[in-house]
Amino acid sequence: MVDKRYDPDAPNVTAHHTVKAYDAELTRLKNIIAELGGLAEHQLASAVSALDDRNTELAEKIIAGDRRLDELDAAVNSFVVRLLALRQPMARDLRLIVSSLRISSDLERIGDLSKNLAKRTLTLAQSSSLRGPRVARVGRLVQTVLRDIIDAYVGDDVDKATAAWKRDGEIDDLCTALFSEVLSAMVDNPQIIAGSTHLLFAIKNIERIGDHANNIAESVHFMVLGNPMGAVRPKGADSSFAVPTSSKPHQGD
């Protein structure tokens, strides 16, 4: 006798609901990352503006705002663990989940570095050292690159991620030029050494943010295509704290 309670040709309602719930969870994960990315970009933009204007009030807000990025990063970690344990994802879904975990970590570090920029601003506001307006220029470039990469993540756009990734050499070259400019000024005028040292660290923070943005671009490439970027990451000249020769002529020259 056939059990009429089971029809093998009938739609599997339970499986259908399970798939819908799973899709909703993956969408939720991407939304959290998008929110985290938007906050990281906002923190960076505010930090660059605060540094350029020596705006201590804005710098304090940036420092306080870093907590929200930490909370979202923790939420991503918890969510990923849950998805891995309960859904046992494979192929594209697994790449999405693992890449999101990496991207979240990079965005959290960008938030930390933006907070460090704000802390440098608090010190630089008390200093008479050179303002370094070009620092804001490279900071805005990094912000643009980060925004494009976050958009690439949201839209699964490998081409956009790759185009932004290729600008890392430009960022490195600008940072190296700024290092040389500030270091030369320090050699020529020892009175500005204390304040300018903080400016050097600020430049290095911006360069590191660019590196983390590039990490995200590489994660997007892997997430969408399932393989790493084949090209070597574009790098400009290496910025360092090597002290240049003074631009002033020596005695006897």
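It should be noted that the structure appears before, not after, this text.
Read on for an overview of the structure. (Residues numbered from 1 in each chain as written. Predicted model: local features only at pLDDT ≥ 70, side-chain atom pairs only at ≥ 80, totals over all residues. Heavy atoms only, no water.)

1. Overview of the overall build of the protein
(1) Moving on: What the protein contains, in helices and strands, is seven helices and zero strands.
(2) Moving on: Of all 253 residues assigned to the protein, the portion counted as buried reaches 43%.
(3) Moving on: If you sum the accessible surface of the protein, you get close to 13,100 Å²; carbon and sulfur atoms cover 54% of it. (Helix = DSSP H or I, 4+ residues; strand = E, 2+ residues; numbered from the N terminus. Buried < 20%, exposed > 50% of the residue type's maximum accessible area, 1.4 Å probe, protein only. Areas by Shrake-Rupley, 256 points an atom, 1.4 Å probe, with all protein chains shown as cover.)

2. Thoughts on the nonpolar core
(1) Moving on: In this structure, Leu107, Leu117, Leu146 and Ile216 are the most contacted members of the largest nonpolar core, which totals 65 residues.
(2) Moving on: Looking at this core, the elements with two or more residues in it are helix 1 (13-53), helix 2 (56-87), helix 3 (91-124), helix 4 (133-155), helix 5 (158-165), helix 6 (168-188) and helix 7 (193-225).
(3) Moving on: Excluding its chain neighbours within four sequence positions, the residues that come into contact with leucine 146 are Ala40, Glu41, Leu44, Leu107, Ile110, Ala213 and Ile216. (Core = buried A, V, L, I, M, F, W, Y, C linked by side-chain atoms within 4.5 Å. Contact = heavy atoms within 4.5 Å.)

3. Let's talk about the pattern of salt bridges
(1) Moving on: Inspection of the entire model under this criterion finds 14 salt bridges.
(2) Moving on: Taking the shortest distance from any N to any O, the salt bridge between glutamate 41 and arginine 147 comes out at 2.9 Å. Separated by 106 residues along the polypeptide, glutamate 41 in helix 1 and arginine 147 in helix 4 bring together distant segments of the chain.
(3) Moving on: Linked through salt bridges whose partners overlap, the residues forming this network are Glu25, Arg82 and Arg87. (Salt bridge = Lys/Arg side-chain N within 4 Å of Asp/Glu carboxyl O.)

4. Overview of the environment of lysine 119
(1) Moving on: Residue position: lysine 119 is located in helix 3.
(2) Moving on: Taking C-alpha positions, lysine 119 is 9.0 Å from isoleucine 62, a pair spaced 57 residues apart along the chain.

5. What to know about helix 5
(1) Moving on: Those residues of helix 5 that fall on the buried side of the exposure criterion are Val158, Ala161, Thr162, Ala164 and Trp165. Along the axis of helix 5, the buried residues cluster in a sector spanning 165°; they form a single face.
(2) Moving on: Here helix 5 starts with a cap whose side-chain oxygen sits 3.2 Å from the backbone nitrogen of aspartate 159, and that cap is aspartate 157. (Arc of directions from axis to C-beta. Polar contact = N/O pair within 3.5 Å; in protein donor to acceptor, adjacent residues only side chain to side chain.)

6. Focus: the packing of helix 3 against helix 7
(1) Moving on: Interhelical geometry of helix 3 versus helix 7 gives an angle of 170° and a closest axis separation of 9 Å. Classed by the angle they form, the pair helix 3 and helix 7 counts as roughly antiparallel.
(2) Moving on: Taken together, the residues of the contact of helix 3 with helix 7 break down into 19 nonpolar, ten polar and seven charged. (Axes fitted to C-alpha atoms, helices over the stretch in contact; angles between N-to-C directions. Parallel < 35°, antiparallel > 145°, perpendicular 65-115°, else oblique. Nonpolar A, V, L, I, M, F, W, Y, C, P; charged D, E, K, R; others polar.)

7. Regarding the packing of aromatic side chains
(1) Moving on: Taken as a whole, this structure holds zero aromatic pairs when the rule is applied.
(2) Moving on: The ring of tyrosine 153 is capped by lysine 30, whose NZ or CZ atom sits 4.9 Å from the centre of that ring.
(3) Moving on: The residue whose ring lies beneath arginine 102 is phenylalanine 222, and the NZ or CZ to ring-centre distance is 5.6 Å. (Phe/Tyr/Trp six-rings, centres within 6.5 Å; stacked < 30°, edge-to-face > 60°. Lys NZ or Arg CZ within 6 Å of the ring centre and 35° of its normal.)

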